[in-house]
Each structure stands twice: as structure tokens, then as C-alpha cells.
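# Fold and contact review
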Amino acid sequence: MSGAALSPMQRRGLVKLGDVLIPGDGDMPSFAETNCIDCADRMLAHMYDDDRSGVKGVATLCALLPRPLIRALFALTERHATLPEPLAGLLRMANVGAKGVVMTL
């Protein structure tokens, strides 16, 4: 299970990404406010090693980047249909992967 656990930095990064995707509003809490990050290690324990490594890599990157840059990068993944392949495919996979992890939690 220790290989599945997020480091404190990765947890911060995943919360930042989650808050970009689920910022909350007057009626709904933000990703951070839900405390669902506490379930991340349990979810990661059931992932394939390669998928888990990808999630950890993205979480580390998000920990290091400022929120506006994370927003901009995610906005780029939303525009995958307007870009040529193979870039469009990579962005589509990044979009689905980021949303999948955050929404699963």
C-alpha cells in the first residue's frame, strides 16, 4: 500500500487540480472543502501501476505550478478537438484522466 500512497506534495497538487475542476460556488463546496482527498490513497491502491504513476506525476506537477497555469493547461485539454493528431489524442487522454481521478474521488 505504501507505493500507492500520495506524498504530501502530491496531495497538495491533486487538491489544486481538484479545485480547478470543482471550484465550488455559493451552494456547492470546492474539491478541497469536501475532504475527499482523504480517499485518494485507497483509490490509488486499486489502480494499475502505470496509471498510478501517471496520476502521481500529474499531482506532483500541479503542486509545483500556480493555479492559473493549471487552469490554462486544463483549458487547452478541453480544446483537443480543434488541434491536430497526435497532440489532440494526448490532450484528450489528459482531460479524461484528470477528470476521472477528481470525479471518482
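Okay, so let's go over this structure.

Reading the values: rules and limits
Residues numbered from 1 in each chain as written. Predicted model: local features only at pLDDT ≥ 70, side-chain atom pairs only at ≥ 80, totals over all residues. Heavy atoms only, no water. Helix = DSSP H or I, 4+ residues; strand = E, 2+ residues; numbered from the N terminus. Buried < 20%, exposed > 50% of the residue type's maximum accessible area, 1.4 Å probe, protein only. Contact = heavy atoms within 4.5 Å. Salt bridge = Lys/Arg side-chain N within 4 Å of Asp/Glu carboxyl O.

This part covers the environment of L44. One can find L44 in helix 3 (residues 40-44). The exposure class assigned to L44 is buried, which follows from its relative accessible area of 0%. Remark: the alpha-carbon pair of L44 and A5, spanning 39 residues in sequence, is separated by 7.2 Å. Not counting the four nearest positions on each side in its chain, L44 is found in contact with A4, L6, R52 and V55.

This next bit is on the pattern of salt bridges. Close approach of charged atoms allows side chains with opposite charge to pair. Inspection of every chain in the model, using the stated rule, returns five salt bridges. For the salt bridge of R11 with D38, the shortest nitrogen-to-oxygen distance reads 3.0 Å. With R11 in helix 1 (residues 8-21) and D38 in the loop between helix 2 (31-34) and helix 3, this pair connects stretches of sequence that are 27 residues apart. The partly exposed category is assigned to R11, whose relative accessible area is 23%. Given a relative accessible area of 53%, D38 falls into the exposed group.

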